[in-house]
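# An overview of the molecular structure
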Amino acid sequence: MMTQAADATSKVAEARSSRHHRPAEINVLIGLVVIALIFEALGWLVQGQSFLVNAERLRIMILQVSVVGIIAVGVTQVIITGGIDLSSGSVVGATAMIAMSFAQVSTYPRAVFPELTDLPVIVPIAVGLGCGLLAGLVNGLLIAYTKIPPFIATLGMMVTARGIAKWYTKGQPVSFPTDSYAAIGAGMTPVLIFIAVAIAFQLILRYTVYGRRTYAIGSNEEAARVSGINVERHLILVYVIAGLLAGLAGVVLSARGLTAQSGMGVMYELDAIAMAVIGGTSLAGGRGSVVGTTLGMLIFGVIISGFTFLRIDAYYQEMLKGGIIVGAVVLDVYRQRYRGRG
């Protein structure tokens, strides 16, 4: 009898261990499938049509979240180090304005820089990436060397970058890009850019020294420092990459809309954080992956697209976003407690 009880206890422990060590991405994928099937069922009940079997709807859904997804890849790396980036949405707005001003055609009579029109497409792209890099560098330097919390440093950059976006043209939109610049946002190009970015950084995080150091710092910064990692230099690099990706997102967003406005990117930073946390990235640092963030992005997209499909008012969608963000944080807290018990 005692032997049977011991065997039963062993099996329970093994089952718990199996669940404990199951990749977070599997749970997120299951959640994605369940949510998609719920909207599929609601589609037939409420609208009398399929939610999933509609190529155009799925195309629009993926396009809607691809730009924020680019930001989320950078934000994921920041969160893995135990930090946070609240500035990415505002950096998108500032980058979009500045990059577009170097992408205007000469036939537009009110160009921001009349003498700098019809430039090769590499120029506005480089300007946009440079703006993002600068914002990330400032964030990284402040966090690494002044030791102020990432929340405060990036909050300051969020306000500053939004102010720059409004000041740059006194609130006036910037439009009429060259055809080569517009091509960056045409069709499914934003999605292809996101896929390329996601694949690159998934491989970098998993197989390179950069990735190992990123996880090490997030797991235990002091232990990483003792092991010989230059924590300050690496944190600067992580925030620079996040800034670069925010700059890239600004370029893609302005090219897609064929215009840049100072209000672009509002709340994108919170959407990106929610995508990362839903995808299994821990706000405590040390855990997360780009694959998980991609799945979190898709969950976000399915929910918002599903609400639109069911013709639920946009105001309720904003409320839902707030609930998703809070829910994602609560989920992360329970993940940490579960791992602690494991």
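These numbers were taken from a predicted model, which means no experiment stands behind them.

## Notes on the overall build of the chain
- Counting its secondary structure elements, the chain contains 14 helices and two strands.
- Relative to a compact globule of 342 residues, whose C-alpha radius of gyration would be 20 Å, the chain shows 22 Å and is just as compact.
- C-alpha extents for the chain along the principal axes are approximately 90 × 60 × 30 Å.
- Scored against the burial criterion, the 342 residues of the chain give a buried share of 47%.
- Long-range pairs, those at least 24 residues apart, make up 79% of the contacts in the chain with a sequence separation of at least 6.
- Accessible area for the chain stands at about 16,400 Å²; split by element, carbon and sulfur atoms hold 67% of it.
- Considering the chain, the positive charge centre built from 24 side chains and the negative charge centre built from 17 side chains are found 5 Å apart.

## A look at the packing of helix α8 (residues 189-207) against helix α11 (residues 231-257)
- Where α8 meets α11, the closest approach of the two axes is 11 Å, and the angle between their N-to-C directions is 165 degrees. Overall, the two elements α8 and α11 adopt an arrangement that is roughly antiparallel. The crossing of α8 and α11 is right-handed. In this structure, α8 uses P190, I193, V197 and F201 to contact α11, whose residues at the interface are I241, L245, L248 and V252.

## Let's talk about a nonpolar patch on the surface
- On the surface, I26, I30, V34, I38, L42, L45 and V46 cluster together to form a nonpolar patch covering roughly 620 Å² of accessible area.
- The topology assignment puts L42 in helix α2 (residues 24-47).
- Using a relative accessible area of 31% as the deciding quantity, one classes L42 as partly exposed.

## Re the nonpolar core
- One finds Y181 and L245 to be the most contacted residues of the largest nonpolar core, which totals 79 residues.
- Excluding residues that lie within four positions of it along the chain, L245 makes contacts with I70, V73, G74, Q77, V197 and F201.
- Judged by nonpolar contacts, the second largest core, of five residues, contains I217, A224, I229 and L235.

## What about unusual backbone geometry?
- Located in the positive-phi region is K147, a residue other than glycine, with phi close to 65 degrees.
- Following the sequence through the fold, K147 ends up in the loop between α5 (122-145) and α6 (150-168).
- In the Ramachandran plot, F176 falls in the positive-phi region, its phi being about 60 degrees despite a non-glycine side chain.

## Quick notes on the packing of aromatic side chains
- Per the stated rule, a full pass over the model turns up seven aromatic pairs.
- For the pair F113 and Y168, a centre-to-centre distance of 6.4 Å together with 70 degrees between the ring planes defines the contact as edge-to-face. Pair noted here: F113 is in the loop between α4 (88-101) and α5 and Y168 is in helix α6, with a separation of 55 residues, a long-range link.
- The class of F113 is partly exposed, set by a relative accessible area of 24%.
- A centroid spacing of 6.3 Å and a plane angle of 65 degrees characterise the contact between W167 and Y168, whose relative ring orientation is edge-to-face.

## A look at α4
- If you check α4, its first and last C-alpha atoms are 20 Å apart, about what 14 residues at 1.5 Å a residue would give, namely 20 Å.
- Burial analysis of α4 places 14 of its 14 residues in the buried class, the great majority of the element.

## Observations regarding the confidence of the model for the chain
- For the chain, per-residue confidence averages 89 on the pLDDT scale, and residues scoring 70 or more make up 92% of the total.
- In this model, residues 1-20 is a region of pLDDT below 50 whose contacts with residues beyond four sequence positions or in other chains number five contacts.

## Section: the side chain of H234
- Take H234: it is sitting in helix α11.
- Only 2.8 Å separates the side chain of H234 from the side chain of T214, close enough to count as a polar contact.
- Those residues within four positions of H234 in sequence are excluded, and the remaining contacts are Y210, R213, T214 and I217.

## Quick look at the side chain of S282
- Topologically, S282 is positioned in the loop between α12 (268-278) and α13 (290-309).
- What makes S282 buried here is its relative accessible area of 0%.
- Within the structure, the side chain of S282 is placed 3.1 Å from the backbone nitrogen of A284, a separation counted as a polar contact.
- Setting aside chain neighbours within four positions, we find S282 in contact with I79, R287, D332 and Q336.

## Looking at the environment of A94
- Following the sequence through the fold, A94 ends up in helix α4.
- A94 has contacts with A161, I164 and A165, leaving out every residue within four places of it along the chain.

## Digging into the pattern of salt bridges
- Under the criterion given, the structure shown has five salt bridges.
- A salt bridge links E232 to K147; the shortest N-O distance between them is 2.8 Å. A residue pair is termed long-range when its members are at least 10 positions apart, and E232 in helix α11 and K147 in the loop between α5 and α6 qualify at 85 residues.
- Of the residues examined, K147 reaches a relative accessible area of 52% and is grouped as exposed.
- Between R225 and E222 there is a salt bridge, and its shortest N-O distance comes to 3.9 Å. A residue pair is termed a helical-turn pair when its members lie 3 or 4 positions apart in one helix, as R225 and E222 do in helix α10 (residues 221-226) at three residues.

Reading the values: rules and limits
- The written sequence of each chain sets the order in which its residues are numbered from 1.
- Given that this is a predicted model, residues contribute local features only at a pLDDT of at least 70 and side-chain atom pairs are listed and counted only at 80 or more, while totals for whole chains, interfaces and linings are drawn from all residues.
- The basis for the side-chain values is all heavy atoms of the structure; hydrogens and waters are excluded.
- Each helix is a run of DSSP H or I of at least 4 residues and each strand a run of E of at least 2, with the numbering of both proceeding from the N terminus.
- The globule rule is 2.2 Å times the number of residues to the power 0.38, and the radius of gyration it is compared with is taken over C-alpha atoms.
- In this scheme, a residue with accessible area under 20% of its type's maximum is buried, one over 50% is exposed, and one in between is partly exposed, where area comes from a 1.4 Å probe on protein chains only.
- We call two residues contacting when some pair of their heavy atoms lies within 4.5 Å.
- Under the convention used here, a 1.4 Å probe and the Shrake-Rupley method define accessible areas, while residue burial counts only the protein chains that appear.
- Charge counting treats Lys and Arg as positive and Asp and Glu as negative, with His and both chain ends excluded.
- Just so you know, the charge point we use is NZ for Lys, CZ for Arg, CG for Asp and CD for Glu.
- To obtain each axis, a line is fitted to C-alpha atoms, and for helices this fit is confined to the stretch in contact; angles are then taken between N-to-C directions over 0 to 180 degrees.
- Angles are sorted into four bins: roughly parallel if under 35 degrees, roughly antiparallel if over 145, roughly perpendicular if 65 to 115, and oblique for all others.
- We call a crossing left-handed when the near helix sits turned anticlockwise from the far one by less than a right angle, and right-handed when that turn is clockwise.
- Residues form patches when they are more than 30% accessible in relative terms and have no salt bridge. Like charges link within 9 Å. Nonpolar side chains (Val, Leu, Ile, Met, Phe, Trp, Tyr) link within 5 Å.
- Note on definitions: salt bridges are taken to be side-chain nitrogens of Lys or Arg within 4 Å of carboxyl oxygens of Asp or Glu.
- Definition used in this section: a nonpolar core is a set of buried Ala, Val, Leu, Ile, Met, Phe, Trp, Tyr and Cys residues joined via side-chain atoms within 4.5 Å.
- Note on aromatic contacts: the rings of Phe and Tyr and the six-membered ring of Trp form a pair at centre separations within 6.5 Å, being stacked when their planes are under 30 degrees apart, edge-to-face when over 60 apart, and tilted otherwise.
- Under the convention used throughout, the expected extent of a helix is 1.5 Å for every residue step, that is, one less than its residue count.
- What pLDDT conveys is the predictor's confidence in a given residue, as a value from 0 to 100.
- Pairs of N or O atoms within 3.5 Å make up the polar contacts considered here, provided that, within protein, one atom can donate a hydrogen while the other can accept it, and that residues adjacent in sequence are counted only when both atoms are side-chain atoms.

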